[in-house]
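# Descriptive analysis of the structure
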Amino acid sequence: MDMGITGCWALVCAASKGLGRGCAEALAAEGVNVVITARGAEALEATAAQLRERFPSVSVRTVAGDITTPEGRAAALAAAPRVDILVNNAGGPPPGDFRDWDREAWMKAIDANMLTPIELIKATVDGMAERGFGRIVNITSAAVKAPIDILGLSNGARSGLTGFVAGLARQPRIASRNVTLNALLPGPFETDRLRATMAGAAAKAGKSIEAVMDERRALNPARRFGTPAEFGAACAFLCSVHAGYITGQNILLDGGAYPGTF
Ligand code: NAD
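What comes next concerns the included structure. The written sequence of each chain sets the order in which its residues are numbered from 1. Local features are withheld for residues below a pLDDT of 70 in this predicted model, meaning they are given only at 70 or higher, and side-chain atom pairs are given and counted only at 80 or more; totals for whole chains, interfaces and linings count all residues. Heavy atoms from the whole structure form the basis of all side-chain values; hydrogens and water molecules are not counted.

### A closer look at the nonpolar core
Grouped burial of nonpolar side chains is what soluble globular proteins tend to show. Among the nonpolar cores identified, the biggest contains 35 residues, and Ile5, Val12, Leu27, Ile36 and Ile85 are the most heavily contacted of them. Of all elements in the fold, only strand E1 (9-12), helix H1 (18-29), strand E2 (33-38), helix H2 (41-54), strand E4 (85-88), strand E5 (134-139) and helix H9 (228-238) reach the threshold of two or more residues within this core. Contacts: residue pairs with any heavy atoms within 4.5 Å of one another. What Ile36 contacts, discounting residues up to four positions off in sequence, is Val12, Ala15, Ala24, Leu44, Thr47, Ala48, Leu51, Val60, Arg61, Thr62 and Val63. Residue types Ala, Val, Leu, Ile, Met, Phe, Trp, Tyr and Cys, when buried and joined through side-chain atoms within 4.5 Å, form a set referred to as a nonpolar core. Only protein chains enter the accessibility calculation, which uses a 1.4 Å probe; a residue is then buried when its area is under 20% of its type maximum, exposed when over 50%, and partly exposed in between. Ile118, Leu120, Met128 and Leu168 belong to the second-largest nonpolar core, a separate cluster that totals 26 residues. Every helix listed is a DSSP run of H or I at least four residues long, and every strand listed is a run of E at least two residues long, numbered separately from the N terminus.

### Observations concerning the packing of aromatic side chains
The aromatic pairing rule takes the rings of Phe, Tyr and Trp, using the six-membered ring of Trp, and pairs them if the centres are within 6.5 Å, calling planes under 30 degrees apart stacked, those over 60 edge-to-face and the rest tilted. Under the counting rule described, the total for this entry stands at two aromatic pairs. Geometrically, the ring pair formed by Trp101 and Trp106 is edge-to-face, given 5.8 Å between the ring centres and 90° between the ring planes. Residue classification places Trp101 among the buried residues on the basis of a relative accessible area of 14%. Considering the side-chain rings of Phe189 and Phe231, the 5.3 Å spacing of their centres and the 85° angle between planes classify their relative orientation as edge-to-face. With Phe189 in the loop between strand E6 (179-186) and helix H7 (192-205) and Phe231 in helix H9, this pair connects stretches of sequence that are 42 residues apart.

### A short note on the pairing of E4
By the alternation rule, side chains of E4 split into Ile85 and Val87 and Leu86 and Asn88, which are all buried. At least two bridges found by DSSP between two strands are what make those strands a pair. Sheet topology note: the E1/E4 ladder contains three bridges and is parallel. Its bridge partner being in E4, Leu11 is matched across the sheet by Leu86. As paired strands, E4 and E5 are joined by four bridges and run parallel to one another. Residue pairing across strands places Leu86 opposite Ile136, the latter belonging to E5. Here, the term right-handed applies to a crossover whose path from the first strand over the helix to the second runs clockwise when the strands point away from the viewer. Viewed along the sheet, the connection from E4 through helix H4 (residues 103-131) into E5 turns out right-handed.

Bear in mind that shape data such as this cannot, by itself, settle questions of function.
Here it is as structure tokens:
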């Protein structure tokens, strides 16, 4: 299927690794020019070099910086001639007990996982509406649909973003201009972050990382973790011309782990 987005410009945040990278790869494969960001320049440049080698017809620009800061966002936005596609992503907040979280911990999570995407949407959505095409995909978490108790910061901050976007996506001046806003909710995907979480669990349980990962795979109906390539393919479809009637949706990618009918 031709996604119909060749020549578009995408800003893909937090994309040197993992799910963000999966999205950047899938978009570049569709002929989309990408601006990719990440905090560490080394991994970011390595990813960019691989993208340029695999997809020589697209422009790949890099912006090293923290997307959760005003400077990081300004630099990311300045790197693209226009933003037709925005993929919001950043690192997730740490796990813990809410009794230990002070205002600063909450503000950090809200800044990263709620206000940063809202700021980037604010900077781009009206231009998309004027041009008559725009796709915004927020990478959130399966925890928005089924909260994970130790990830209270994530449950809270990402749900705030989800509620805000639900309203914005339905504004006629956005929706009638072929601009869509949706979220992809990852369950367990095999990325550095997942490995780090499993390493913590393994150390606590006195087991090997592989043993813990095997246990977690066995708990999922698909008996495996998702891959960043699968995640990226879903993102590319949501960004395609074919997905113009899908907006304000929260799409779970979890191998069937969520047990509800809806
Ligand atoms: P990852 O650790 O594999 O990759 C994270 C990427 O984000 C890296 O490129 C890193 O440089 C970049 N990054 C992190 N913080 C940044 C910042 N402040 N500014 C710019 N770049 C930043 O992580 P992942 O597994 O791809 O996760 C991506 C998001 O999805 C996270 O918010 C995570 O909490 C969420 N999530 C992941 C899973 C999973 O199973 N992997 C499940 C649910 C939710």
